[in-house]
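Residue-level listing of the chains:
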Amino acid sequence: MPVKRFGPVGIIDIGSNSVRFVAYGGTERVPSVLFNEKLMAALGRGVAKNGKLDEQAMDLTLRALARFRQLGKEMGLKRLHTVATAAVRDATNGKIFLKEIAELGLKPRLISGDEEAELAGLGVISAMPQAKGIVADLGGGSLELIGVARGAVGSAATLPLGVLRLGPDPQRGDIAHIIRNGIKNSRLKDAARGGNLYLVGGSFRALALLDMKTAGHPLPIVHSHRIQPDRLPDLRRALASMNNEELKAHTQISGARIPTLPAVVTLLETMISVLGPRKICVSAFGLREGLLYRDLDALTRAEDPLLAAALEVGERLGRFGDHGTVLDMWMDPLFPDEPGDLQRLRLAACLLADIAWNAHPDFRAERAVDMALHGNWVGINSHGRAVLGRALCSAFGGDGGFSADVAALLKPGEVERLISWGRALRLAQRLSGGTEALLRKTSIGLKPGKVILSIPEKYRALYSEAVERRLLQLARSMDRRPEVTFN
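Given the structure is predicted, the values throughout are model-derived calculations rather than measurements.

Caption draft 1: Region of the structure containing the overall build of the protein chain. Within the protein chain one finds 23 helices and 13 strands. Oriented by its inertia axes, the alpha-carbon framework of the protein chain measures out at about 80 × 50 × 45 Å. The buried share of the protein chain, reckoned over its 487 residues, is 53%. Sequence separation of 24 or more characterises 71% of the internal contacts of the protein chain that already satisfy a separation of 6 or more. For the protein chain, the accessible surface area stands at approximately 21,300 Å², while carbon and sulfur atoms represent 50% of it. Considering the protein chain, the positive charge centre built from 65 side chains and the negative charge centre built from 52 side chains are found 2 Å apart.

Take a look at the structure:
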């Protein structure tokens, strides 16, 4: 089934700390970022001081917005959402600023704290459909909390705890008082207790990146990263022991965010104490993605975000159109005992099985692994990325070149299975020439001690020395003998 394309569409997000323009294209369910530009305008800094948007910050923002509008016109955007959040919402001169934005030819919309929370919650649900607990979206001017469960959002609260309002040395007692007062009459009080807290926003993502870099994580991609509470004192010490230049060089965190991170650590420690979550997980998706997700019909929302993205990429980069689902069905009899989570990852690997064909033959495995590990996927964690990378490494004939550090993310016994996935894909692509119709005419399965490839007699010519060699490699990886039948 062909991917349903959409866009390009754009979002201008006028936040309290940053102003960002993102253009999206690709597929509706998991849009690809075509362009992304950010200005750290710190509009909310003046609001925290005197209740007004700072004139210099407004001027910087207006100049950026004029540029973003012009870029959007040249990109041929079908829609351009412009939304403003806490700083503009709370400023005494916010309405005047919105009028100035409108004079640029944009149509700014001021969203309430509850809507901001709703969109952040929907963004997390878009990336993690099974999310259950509390989403915490930390901006410059406010902290939004919202309950999520069963694919829907629930109670929400907006708290004056943005990074520009916290100050350099906030007190845990003061923060705890604000949080408790803000949620005391809502279901949020117990929504994360013993469960999950999902972190959204650039400051939380920067903290996650610091955690991964200082811990030597082999795959420092913040989406789905879990921050362990006992790591927070280590992060505080790291922030105290390195200057800004050292932190930027070591972690690639924006210099504008570094000064606020000690306060973010204090905020997170207090949130954990008050809300009582067992797991703290970071989401790369938030308000902007929630805005797009809210516009989707129910059928599109129900799509698996990983598989939707893999289908789009596989179709776009494949030679003869998508045939990943057929590949998965063809090799399914070889792996009858797989649990549902692995079956899902195997299907994703099949959808991506043709993504590196146009690279130099000596580097196809390297290209495929890089895309599997570092692609803009959601609905997957670092373990899942390692699974895809190891399988595609074998699929493109690169069994000896997989990173040992990344392989350490795999579970015991998985490497052998993933090599077999890759070799089954490698056999299928050689047998069929990468086409769906020929693959459908053959089948493969297991018998005691054997891997059996079945080819109709009229298609006997499909069987060659190259096919025989790849069948042998697959059978050996499964500790079986190869056999071919013509019927």
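Caption draft 2: A look at the sheet that holds strand S5 (residues 108-110). Taking strand neighbours across the sheet as the criterion, the 5 strands line up as S3-S2-S1-S4-S5 in an open arrangement whose pairing is mixed. Taken across any chain shown, the strands that pair with only one partner, and hence form the sheet edges, are strand S3 (31-39) and S5. Going from strand to strand, the sheet's axes swing by 20 degrees on average, the running direction of each strand aside. Examined bridge by bridge, strand S2 (residues 19-26) and S3 share 8 bridges and lie antiparallel to one another. Considered in S3, the bridge of Tyr-24 is made with Val-33.

Caption draft 3: Main features of the pairing of strand S1 (residues 9-14). Burial analysis of S1 places 6 of its 6 residues in the buried class, the great majority of the element. Along S1, one buried face is formed by Val-9, Ile-11 and Asp-13 and the opposite face, lined by Gly-10, Ile-12 and Ile-14, is buried too. Here S1 runs beside S2; their pairing, made up of 6 bridges, is antiparallel. Across the sheet, the residue bridging to Ile-11 is Val-22, located in S2.

Caption draft 4: Quick look at a negative patch on the surface. Among the surface-exposed residues, Asp-54, Glu-55, Glu-100 and Glu-103 lie close enough to one another that they form a single negatively charged patch. Note that Glu-55 resides in helix H2 (residues 55-75). The exposed category is assigned to Glu-55, whose relative accessible area is 60%.

Caption draft 5: Broad picture of the side chain of Thr-266. With respect to the helices, strands and loops of the structure, Thr-266 is situated in helix H12 (residues 261-275). Once residues lying within four places of it in the same chain are set aside, the contact partners of Thr-266 are Pro-170, Arg-172, Ile-175 and Arg-236.

Caption draft 6: Summary view of the layout of surface pockets. In this structure, the largest pocket occupies an estimated 960 Å³ of space. Lining of the largest pocket is provided by 32 residues; of these, Ser-224, Arg-226, Cys-281, Ile-380 and Asn-381 occupy positions nearest its centre. Mapped by element, the contributors of at least two residues to the lining of the largest pocket are strand S9 (196-200), helix H9 (202-215), strand S10 (279-282), helix H17 (340-351) and helix H19 (382-395). The residue makeup of the lining of the largest pocket, split by class, is 12 nonpolar, 12 polar and 8 charged. Of the voids in this model, the second largest pocket is the one considered here, and its volume is about 660 Å³. Lining the second largest pocket are 29 residues, and of these Asn-36, Arg-205, Val-222, Ala-284 and Asn-376 sit closest to its centre. Residue assignment for the lining of the second largest pocket shows that the elements contributing at least two residues are S2, S3, H9 and helix H13 (287-294). For the lining of the second largest pocket, the residue count by class is 14 nonpolar, 8 polar and 7 charged.

Caption draft 7: Structural context of H13. The element H13 is extensively covered by neighbouring structure, given that 7 of its 8 residues are classed as buried. By the burial criterion, the buried members of H13 are Leu-287, Arg-288, Glu-289, Gly-290, Leu-291, Leu-292 and Tyr-293.

Caption draft 8: Main features of the side chain of Arg-231. Along the chain, the position of Arg-231 falls in the loop between H9 and helix H10 (232-241). On the basis of relative accessible area, Arg-231 is assigned to the buried category, the value being 18%. In this structure, Arg-231 is in contact with Asp-211, Thr-214 and Ala-215, ignoring residues within four places of it in sequence.

Caption draft 9: Molecular detail of the UniProt feature "domain: Exopolyphosphatase C-terminal" (unreviewed entry) in the protein chain. Here, UniProt's "domain: Exopolyphosphatase C-terminal" (unreviewed entry) annotation points to residues 341-481. Annotation note: span residues 341-481, helix share 55%, strand share 9%, distance between end C-alpha atoms 28 Å.

Caption draft 10: The arrangement of the UniProt feature "domain: Ppx/GppA phosphatase N-terminal" (unreviewed entry) in the protein chain in detail. According to UniProt, the feature "domain: Ppx/GppA phosphatase N-terminal" (unreviewed entry) maps to residues 31-297 in the numbering used here. Between the end C-alpha atoms of residues 31-297 the distance is 15 Å, and the span holds 50% helix and 18% strand.

Caption draft 11: Highlighting the sheet that holds S9. The mixed open sheet is built from 5 strands, whose spatial order is S8-S7-S6-S9-S10. Edge positions in the open sheet fall to strand S8 (152-159) and S10, since each of these has one partner strand only. Ignoring strand direction, the axes of neighbouring strands in this sheet form an average angle of 20 degrees. Sheet topology note: the strand S7 (residues 143-149)/S8 ladder contains 6 bridges and is antiparallel. In the sheet register, Leu-143 faces S8, and the bridge partner there is Leu-159. Contacts from helix H7 (residues 172-183) reach S7 and S8 within the one sheet, and its direction differs from that of S8 by about 135 degrees.

Caption draft 12: Fine view of H10. Of the positions making up H10, those classed as buried are Leu-232, Leu-235, Ala-238 and Leu-239. Around the axis of H10, the buried residues are gathered within 115 degrees of arc, so they sit on the same side. Away from its buried face by more than 90 degrees, H10 exposes Arg-237, Ala-240 and Ser-241.

Scoring rules and cut-offs
Residues numbered from 1 in each chain as written. Predicted model: local features only at pLDDT ≥ 70, side-chain atom pairs only at ≥ 80, totals over all residues. Heavy atoms only, no water. Helix = DSSP H or I, 4+ residues; strand = E, 2+ residues; numbered from the N terminus. Buried < 20%, exposed > 50% of the residue type's maximum accessible area, 1.4 Å probe, protein only. Contact = heavy atoms within 4.5 Å. Areas by Shrake-Rupley, 256 points an atom, 1.4 Å probe, with all protein chains shown as cover. Lys, Arg positive; Asp, Glu negative; His and termini not counted. Charge placed at Lys NZ, Arg CZ, Asp CG, Glu CD. Pairing = 2+ DSSP bridges. Axes fitted to C-alpha atoms, helices over the stretch in contact; angles between N-to-C directions. Patch = residues over 30% accessible without salt bridge, like charges linked within 9 Å, V, L, I, M, F, W, Y side chains within 5 Å. Salt bridge = Lys/Arg side-chain N within 4 Å of Asp/Glu carboxyl O. 1 Å grid on protein atoms, 1.4 Å probe; cavity = no way out; pocket = protein on both sides within 12 Å on 5 of 7 lines; lining within 4 Å. Points joined across faces, edges and corners; volume = space filled by probe spheres on them. Nonpolar A, V, L, I, M, F, W, Y, C, P; charged D, E, K, R; others polar. UniProt positions renumbered as here; feature names shortened; annotations may be inferred. Arc of directions from axis to C-beta.

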